[in-house]
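What follows is each chain in one-letter form.
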Amino acid sequence: MSAPVGAARRGHSEAAAGFLVDAERAAWHDQSLWFMRQKRDKATALPEWEQLRFAGSALKTHAMSRLADLLEEFERKATANGVVVHWARDAAEHNAIVLGILHAAGVTRVSKSKSMLTEECGLNPFLEARGIEVVDTDLGERIVQLAKEPPSHIVIPAIHWKREEIGELFHRTIGTPAGESSPDALAAAARVHLRDALLNAGAGITGANAIVAETGGVVVCTNEGNADLGMHSAPIHIACVGIEKIVATRDDLGVLLRLLARSGTGQPVTSYTTHVNSPKPGGAMHVVLVDNGRTARLADEVMRTALHCIRCGACLNTCPVYRRSGGYSYGHVVQGPIGAMLAPAVDLDVHSTLPFASTLCGSCADVCPVRIDIPTQLLAWRARAAAAKRLPRGYALLFPLLGWVLASLNRYERLARWGRRIQRLLPPSWISGRWNPWTRPGRALPLLADESFREWAQREGRHT
Amino acid sequence: MRVALAVPCYVDQFRPQAARATLALLERLGCDVRLDFDAPCCGQPMFNAGVVTAARAAAENWVRQSSDFDAIVMPSGSCTQHVRHHLPPFLGSGTAAYAAKVTYELCEFIAGPLGRPTLAGRFPHRVAMHLGCHAQRGLRLGGASELHQPLDGPMHSLLAGLDGLTFATLSRPDECCGFGGSFAVGEADVSVAMGCDKLADLDASGAQVLVSSDPSCLLHLEAIARHRGSSLRTMHVAELLEEATR
Ligand code: SF4
């Protein structure tokens, strides 16, 4: 939510250019994420992988087609299990509900395990402004929290931080020795630091990777066990969930959880997959079901399948553009290909350049465990951006003109002849240089051939 | 069979030798190739930029030409993908559906309708193959690493059949080169960064020749190579096959 302000306003391309100024860091970022992609490749080399993807896609389609029924079934079952279920139309309602629960119980310290939904709703700044201390307990999330930054990746929030920098940050904020950068030592220090926050929190907030209609249960996956510690050590557990996270049955989970871990981190299964169906003895459990634009997306026939996303992050890791432009260039809580199609649905004006931050190479669609056709939707968003007069700079001038020229063989051939003449007359330095986006970043100008194919064919008498 | 050679605008202007090689090759393979396909562009640049209204006239023009032919061959995977997958829903006409059915990328046409998955020829060089993403994941003319498929496909089989040709192995064989049409200019910095990484991968592989079925990828990579003073030789697959089988 607190995504870097400048990014969206400047547009993806400018923000990405800023990221690329430090070429060494950009290369390192690319390598780190490509490593994740390779882990994914190894973990998904299963004979039944493609069948699993079809199954995952089908069960999401099914769940989304029966969303209202399944949510009501979930509410009935969860309530019967002793869970309090809340419904939030938008981010503001979500935050107010969470605050209400905390106020009612007199809680002033909260531990939170990684949840992109609470990021989406801007829960941390909201609670902090009201005097409630929030400690993110996922290590990566804690790092960006200490640095007062939003996550730069939906699964690996601090992927843009090098360990030496984390050492320095920890030295400044939690008092590790100066110069300490060994991952083991830093993790151990974070563990001590977080344990204190976990044990002394009045409530534990978690996200959910899925909620199950059949059981009324919440499923949370982490690799650090922090969600389990958070929800079990505090008297109150609040799970904040987007409504699209619902699945019909526990059997469906078997498919989704395999897809999630293998696609996201290349693990056969996440280290901790916890099913919580009811409050602990003497404790309270709340589930906040959040819409925040999701039903509107469901009504959009073209973009609907975006709701299938299980936030595995595989499309980010594989995306050649994300890897080379960094998470902050997207200016949105969800980055990469999936972010580029979710963000315009939130606000097309602010995020209009994101659908253009893609070569439409299609790699994201091929890694997506639930087979979301991301390139096709990005293309559809581009057309909508054009219809809303929100094209990237230059597009609105260039492309209508190009269309006019290319619609007629005559105009096209005449323009090409002119181009050749100009190319012959003008010194190359006039048409390359800082103003020309083709040549500015390190590309030579492609030259028009002395004779086009059509001219050749005519000259040879081949044009019949 | 009336085969039209449809030459996309940028090939016509920037790499006519790819079109001439395509023509020579198809004729050598016994096709009666017609050059009166009189539309300069299928509308892809405007369409992919989201400016669909500006894409319509060009696309309609393109599709109208198609009805006179039994097959339309293009030395470009991305244009073929646009015609095949985008034009029928975009124009919603019977002619668009027909065009989609009879339009082929060159290697696809040689290996498919012409029934020549290999050609006799010789090309004693170390070659790195680059499929454009639209050919690879759009038309499925090559295996995708994401789907754990081997890299083969019509272009691979045509190249693999040549005497003396060895393949250079890239560390990221099917990573996008960064061209992406309007992306190359709209996101110039990322585009060039991707191209530079591709070239570094190519250098490390010891490739002498970079071959692609998409002149647009070559245009972009060549422009970066030229800027860096690299001597990598780029060839459109038609140029390579034509030279090898001459
Ligand atoms: S769109 Fe697909 S690949 Fe990307 S995060 Fe969502 S589920 Fe994963």
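Presented here is a report on the structure given in the accompanying data block.

Criteria and thresholds
Residues numbered from 1 in each chain as written. Chains lettered and ligands numbered in written order. Predicted model: local features only at pLDDT ≥ 70, side-chain atom pairs only at ≥ 80, totals over all residues. Heavy atoms only, no water. Helix = DSSP H or I, 4+ residues; strand = E, 2+ residues; numbered from the N terminus. Rg over C-alpha atoms; globule rule 2.2 N^0.38 Å. Areas by Shrake-Rupley, 256 points an atom, 1.4 Å probe, with all protein chains shown as cover. Lys, Arg positive; Asp, Glu negative; His and termini not counted. Charge placed at Lys NZ, Arg CZ, Asp CG, Glu CD. Near = heavy atom within 4 Å. Nonpolar A, V, L, I, M, F, W, Y, C, P; charged D, E, K, R; others polar. Contact = heavy atoms within 4.5 Å. Buried area = accessible area lost by both parts, 1.4 Å probe. Salt bridge = Lys/Arg side-chain N within 4 Å of Asp/Glu carboxyl O. Polar contact = N/O pair within 3.5 Å; in protein donor to acceptor, adjacent residues only side chain to side chain. Phe/Tyr/Trp six-rings, centres within 6.5 Å; stacked < 30°, edge-to-face > 60°. Lys NZ or Arg CZ within 6 Å of the ring centre and 35° of its normal. Expected span 1.5 Å × (residues − 1). Buried < 20%, exposed > 50% of the residue type's maximum accessible area, 1.4 Å probe, protein only. Core = buried A, V, L, I, M, F, W, Y, C linked by side-chain atoms within 4.5 Å.

**Comments concerning the overall build of chain A**
For chain A, the count of helices and strands is 23 helices and ten strands. Taking 23 Å as the expected radius of gyration for a compact globule of 464 residues, we find that chain A reaches 25 Å, a close match to that expectation. Carbon and sulfur atoms make up 57% of the accessible area of chain A, which totals about 19300 Å². Measuring between centres, the 53 positive side-chain charges of chain A sit 6 Å from its 45 negative side-chain charges.

**Some details on the site of the ligand**
Residues in contact with the ligand, as listed here, are C309(A), I310(A), R311(A), C312(A), G313(A), C315(A), I338(A), C368(A), P369(A), V370(A), I372(A) and I374(A). Taken together, the residues of the shell around the ligand break down into ten nonpolar, one polar and one charged.

**With respect to the interface of chain B and chain A**
At the interface, 67 residues of chain B touch 70 residues of chain A. Summing the contributions of chain B and of chain A, the shared interface buries around 5800 Å²; its carbon and sulfur component is 60%. Area buried by chain B at its contact with chain A is led by Q13(B), E146(B) and R172(B), which between them contribute 11% of it. For R323(A), the salt bridge goes to E175(B), with nearest N and O atoms at 2.6 Å. Applying the counting rule to chain B against chain A returns 32 residue pairs in polar contact (both at pLDDT 80 or more). Where the side of chain B that touches chain A is concerned, the elements lending two or more residues are α1 (9–14), α2 (16–28), α3 (44–48), α4 (52–66), α8 (133–138), α10 (183–186), α11 (188–205) and α12 (215–228) of chain B. The biggest single contributor to the side of chain B that touches chain A is α11(B), with eight residues.

**Let's talk about the packing of aromatic side chains**
Following the criterion strictly, the structure yields nine aromatic pairs over all chains and no others. Directly above the ring of W438(A) sits R443(A), whose terminal nitrogen or CZ lies 3.9 Å from the centroid.

**Quick notes on α12(B)**
All names here are of chain B. Here α12 spans 20 Å end to end across 14 residues, near enough to the 20 Å set by a 1.5 Å rise per residue. Of all 14 residues in α12, ten are buried, a share of seventy percent or more. On its buried face, α12 is in contact with α1, α5 (77–91), β5 (126–130), α11, β7 (209–212) and β8 (233–236). Two residues or fewer after α12 comes G229, characterised by a positive phi angle close to 70°.

**Looking at unusual backbone geometry**
Residues and elements named next belong to chain A. Look at N292: it is not a glycine, yet its phi comes out positive at around 45°. In this structure, N292 sits in the loop between β10 (284–290) and α14 (294–298). Positive phi outside glycine occurs at K389, with the angle close to 55°. Structurally, K389 can be placed in the loop between α19 (374–387) and α20 (395–406).

**Looking at the nonpolar core**
Counting 142 residues, the largest nonpolar core has W62(B), F123(B), L159(B) and L240(B) as its most contacted members. Every residue in contact with L159(B), bar those within four places of it in the chain, is listed here: M129(B), L165(B), F167(B), V211(B), V237(B), L240(B) and L241(B). M64(A), L70(A), L71(A) and L298(A) belong to the second-largest nonpolar core, a separate cluster that totals 27 residues.

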